[in-house]
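As a plain string of letters, each chain reads:
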2 protein chains.
Amino acid sequence: MSDSYTIDHRLSAADTNIHSAWDNSLEPALTIDPGEVVRFDCRDALDGQLDIDSTAEDLANASFDPVHPLTGPVYVEGVEPGDVLEIELLDFQHKGWGYTGFMPGEMGLGLLPEDFEEAGLHIWDLDGDVGQFVDGIEIPLDPFPGTIGVAPAAEGAHDTLPPRDVGGNMDVKHMTEGSTVYLPVEVEGGLFSTGDCHAAQGDGEVCVTGIECPMFVTARIDVRKDMDIHQPQLETTGPFTPTGQDEPMYGTTGISDDLMDATKKAVRHMIDHLEAERGLTRGEAYILCSAIVDLKVSEVVDAPNWIVTAYLPESIFPEET
Amino acid sequence: MSDSYTIDHRLSAADTNIHSAWDNSLEPALTIDPGEVVRFDCRDALDGQLDIDSTAEDLANASFDPVHPLTGPVYVEGVEPGDVLEIELLDFQHKGWGYTGFMPGEMGLGLLPEDFEEAGLHIWDLDGDVGQFVDGIEIPLDPFPGTIGVAPAAEGAHDTLPPRDVGGNMDVKHMTEGSTVYLPVEVEGGLFSTGDCHAAQGDGEVCVTGIECPMFVTARIDVRKDMDIHQPQLETTGPFTPTGQDEPMYGTTGISDDLMDATKKAVRHMIDHLEAERGLTRGEAYILCSAIVDLKVSEVVDAPNWIVTAYLPESIFPEET
């Protein structure tokens, strides 16, 4: 997948290349031919409001107006509605730090805002391919763009928080280096943008933050006229576990007649486990879930109760001495 | 995990050891001390109504009255409500064949009954650790008990289809050999039963059948007085991919403001993919999804739209020659 390539275009994170709503009337920041490679400089999701000295209070006081600052849009010559953009993800480079946090109460973001009275924040030192958490816990880094998409056909400015048929804020953690993402095109030129990068994330992104960080994203952007898809698809080699191979996991089931409630139960049970067996605070446990715990749909057919199971990799903990 | 062990008790699949409802008034089929090993002979979910010559019509005409024939219950001495049963899964032996099928329309079982007008069935030859599908597709076998649980505190006979706080029909595919399952106990002695075994299954079990088969299950049953859990938990080493390591997967997203609808979309998109790119019929594709495609909760926080992604391992297809 990662054959040699040359970068054809660079898009800086200057204000002229940044937009924070999906809008098909935006002027392209760049026009390219199909098959060209673009290196995007991407701001973090909160657009620089936090730094390595920030506290949970800073997160609680952050403005959500600039979310998400995306780099683009890129107009691809010859691309028409009904085509598919093929995005080959060639390279990611973080900038040495990131953050994962949660906000309780009235903001209402994340899976369990009702469980916490105060915000929580962890600033990660990102050292190459590892992120440092508390108590010697180390998270492998597998960067991907939280937001990757094209402009919707519907007119006007659209919030970047929800993903749509054209992609956007998908937070699919397997869109890693070497992966290819397929996006259904709704407007001429596609109008591709990306940003909101994560150095790592568990399936689910339960705090509504992965390891958020500014990042360089290099991608080859091509067109497929032969595909017929209605929502994004991808080819990936994972990783599907932190070590890239089978390893011990601790699993907590969430059983309920509602899939969202089952998801909440699975995560609450994992937070219980991390508190009881690993000595983390509930806030630390919630952040760890968002960064590394994977949610799987175990069954959606044994009516009327469904199961979502949360899986915690045990390789992230320091070996007992 | 799989240290040497000796089998302390054997429970045959004779009628006296089989029950098809959860009911804490059932006489134990066996009483054991904590830590003893039991080998359970388990019938298939449809209790022998199908065999290797069966057709989709036979499945459509099957009675659901005997579902699920479970082997047990086992009374464990000294076990009290509030304890946790620790089930170490030591060994599984299938009996050389199995089936995966779906039923449309009024039965309403499975994720997509509305998409199919006729039943579908695949009979699998199970050769050691591989199952044979159509077109040279081979599925690795990773057996587990679809149903594993203890009796609920609530009086009376309870349907075995839905899982509950005490476990039951969980269909958690990672309860494989070497795994340990933790079950919250609600009645004296626990009253443990298992059955409804699967030789393989994708996360989701979308057809409501994995690779269903009769099987021997050997497990060490112990008690934990120190754990406090409210729904089942587990320790497992997977496998998390068919090959046990990172490998190419094709992913289809399902994006919707309802998690169940997102799940349906992801699976429909995967069926589209298998039809267009792999030449399967839609019924074959649905069966393959139930047997090997894994559903992951990609994000449950980017309001109002959630994403479930279906992952197809490409290692199951024969190499192109």
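None of these values were measured; they are calculated from a predicted model. (Residues numbered from 1 in each chain as written. Chains lettered and ligands numbered in written order. Predicted model: local features only at pLDDT ≥ 70, side-chain atom pairs only at ≥ 80, totals over all residues. Heavy atoms only, no water.)

A.B. asks: Teacher, can you tell me more about the relation of the copies chain B and chain A here?
C.D. replies: What connects the two chain copies is a rotation about an axis and a shift along it. Take chain B, turn it by 180°, move it 0.0 Å along the axis, and it overlays chain A with an RMSD of 0.0 Å. In symmetry terms, the pair is related by a two-fold rotation axis. A high fraction, 100%, of the interface residues of chain B reappear at the interface in chain A, so the copies pair face to face through one surface. (Least-squares fit on C-alpha atoms with pLDDT ≥ 70 in both. Contact = heavy atoms within 4.5 Å.)

A.B. asks: Explain the packing of helix H2 (residues 259-278) of chain A against helix H2 (residues 259-278) of chain B to me, please; I cannot follow it from the model alone.
C.D. replies: To characterise two packed helices, one gives the angle between the axes of the helices and the distance between these axes. One way to put it is that H2(A) packs onto H2(B) with a least axis distance of 8 Å and a crossing angle of 100°. If you check the angle between H2(A) and H2(B), you find them roughly perpendicular. Contact residues: Leu259(A), Met260(A) and Thr263(A) in H2(A); Leu259(B), Met260(B) and Thr263(B) in H2(B). Across the contact of H2(A) with H2(B), the residue classes tally to four nonpolar, two polar and no charged. (Axes fitted to C-alpha atoms, helices over the stretch in contact; angles between N-to-C directions. Helix = DSSP H or I, 4+ residues; strand = E, 2+ residues; numbered from the N terminus. Parallel < 35°, antiparallel > 145°, perpendicular 65-115°, else oblique. Nonpolar A, V, L, I, M, F, W, Y, C, P; charged D, E, K, R; others polar.)

A.B. asks: Could you clarify how one ought to interpret the domain arrangement of chain A in this entry?
C.D. replies: In many analyses, interface size is given as the accessible surface area lost on bringing the parts together. All names here are of chain A. The domains assigned to chain A are domain 1 (9-235) and domain 2 (249-316). Placing the centre of domain 1 and that of domain 2 at their C-alpha centroids yields a distance of 25 Å. Summing both sides of the interface, domain 1 and domain 2 together bury roughly 2,100 Å²; the carbon and sulfur share of this comes to 68%. Considering only the surface of domain 1 that becomes buried against domain 2, Leu111, Leu112 and Val206 emerge as the three largest contributors, covering 25% of it. For the pair domain 1 and domain 2, the number of links is four salt bridges. The shortest N-O distance in the salt bridge between aspartate 294 and lysine 173 comes to 2.9 Å. Joining domain 1 to domain 2, the criterion identifies 16 residue pairs in polar contact (both at pLDDT 80 or more). (Domains from an automatic or database assignment. Buried area = accessible area lost by both parts, 1.4 Å probe. Salt bridge = Lys/Arg side-chain N within 4 Å of Asp/Glu carboxyl O. Polar contact = N/O pair within 3.5 Å; in protein donor to acceptor, adjacent residues only side chain to side chain.)

A.B. asks: So what exactly am I meant to see when it comes to the interface of chain B and chain A here?
C.D. replies: If you look at the interface, chain B gives 64 residues, while chain A gives 64 residues. For the pair chain B and chain A, the two sides together bury roughly 5,400 Å², of which 58% comes from carbon and sulfur. Inspection of the region where chain B meets chain A yields 28 residue pairs in polar contact (both at pLDDT 80 or more). Breaking the side of chain B that touches chain A down by element, the ones donating at least two residues are strand S16 (233-236), strand S17 (249-256), H2, strand S18 (294-299) and strand S19 (306-313) of chain B.

A.B. asks: Sorry, what's going on with the packing of aromatic side chains here?
C.D. replies: To describe a pair of aromatic rings, you give the distance between the ring centres and the angle between the ring planes. Residues and elements named next belong to chain A. Evaluated as defined, the whole model comprises 16 aromatic pairs over all chains. Among the aromatic side chains, those forming a connected cluster through ring pairs are Phe102, Phe116 and Tyr286. Geometry around phenylalanine 317 places arginine 278 over its ring, the cationic atom sitting 3.7 Å from the centre. (Phe/Tyr/Trp six-rings, centres within 6.5 Å; stacked < 30°, edge-to-face > 60°. Lys NZ or Arg CZ within 6 Å of the ring centre and 35° of its normal.)

A.B. asks: In this structure, what is going on with the confidence of the model for chain A? I would like to understand it.
C.D. replies: When pLDDT drops low, the exact placement of atoms in the prediction is not to be read closely. Taken as a whole, chain A shows an average pLDDT of 96; of its residues, 98% reach a score of 70 or greater. Predicted complex metrics record ipTM = 0.97 and pTM = 0.97. (pLDDT = per-residue confidence, 0-100.)

A.B. asks: I'm lost on the pattern of salt bridges in this one. Help?
C.D. replies: When the charged atoms of two side chains with opposite charge come close together, those side chains can pair. Residues and elements named next belong to chain B. Using the criterion set out here, one finds 30 salt bridges over all chains in the structure. The closest approach of N and O atoms between arginine 224 and glutamate 86, which form a salt bridge, is 2.9 Å. With arginine 224 in strand S15 (residues 215-224) and glutamate 86 in strand S6 (residues 84-94), the pair connects residues that are 138 residues apart, well separated along the chain. For arginine 224, a relative accessible area of 24% gives the class partly exposed. Residue classification places glutamate 86 among the buried residues on the basis of a relative accessible area of 19%. Aspartate 115 is the partner of arginine 268 in a salt bridge, and the nearest nitrogen-oxygen pair spans 2.6 Å. Taken together, the residues span a long stretch of sequence, with arginine 268 in helix H2 and aspartate 115 in the loop between strand S7 (97-102) and strand S8 (120-127) at a distance of 153 residues. Relative accessible area serves as the criterion here: at 24%, arginine 268 is assigned to the partly exposed category. (Buried < 20%, exposed > 50% of the residue type's maximum accessible area, 1.4 Å probe, protein only.)

A.B. asks: What am I meant to see in the packing of H2(B) against helix H3 (residues 282-292) of chain B here?
C.D. replies: Residue and element names in this part refer to chain B. Contact geometry of H2 with H3 gives a least axis separation of 9 Å together with a crossing angle of 125°. When the axis of H2 is compared with that of H3, the two are oblique. Our pair here, H2 against H3, has a crossing hand that is right-handed. Here Val267, Arg268, Met270, Ile271, Asp272, Leu274 and Glu275 of H2 lie close against H3, whose contacting residues are Arg282, Ala285, Tyr286, Leu288 and Cys289. For the contact of H2 with H3, a count of residues per class yields eight nonpolar, no polar and four charged. (Left-handed = near helix turned anticlockwise from the far one by under 90°.)

A.B. asks: How should the environment of Asp135(A) be read in this particular structure?
C.D. replies: Residues and elements named next belong to chain A. Structurally, aspartate 135 is set in the loop between strand S9 (130-132) and strand S10 (138-140). When the C-alpha positions of aspartate 135 and serine 63 are compared, they lie 31 Å apart, and in sequence the two are 72 residues distant. Setting aside residues no more than four positions away along its own chain, aspartate 135 makes contact with Arg278, Leu280 and Pro318.

A.B. asks: Got a minute to help me understand the sheet that holds S9(A) in this structure?
C.D. replies: Think of a sheet as strands paired side by side through backbone hydrogen bonds, with each pair either parallel or antiparallel. All names here are of chain A. Read across the open sheet, the four strands follow the order S7-S8-S9-S10; overall the sheet is antiparallel. Both edges of this open sheet fall to strand S7 (97-102) and S10, since each of them pairs with a single strand only. This sheet shows a mean twist of 30° between the axes of neighbouring strands, independent of strand direction. As judged from the six bridges shared by S7 and strand S8 (residues 120-127), these two strands associate in the antiparallel manner. Along S8, the bridge assignment pairs tryptophan 97 with aspartate 125. Along the sheet, helix H3 (residues 282-292) contacts S7, S8 and S10; its crossing angle with S7, the most-contacted strand, is approximately 120°. (Pairing = 2+ DSSP bridges.)

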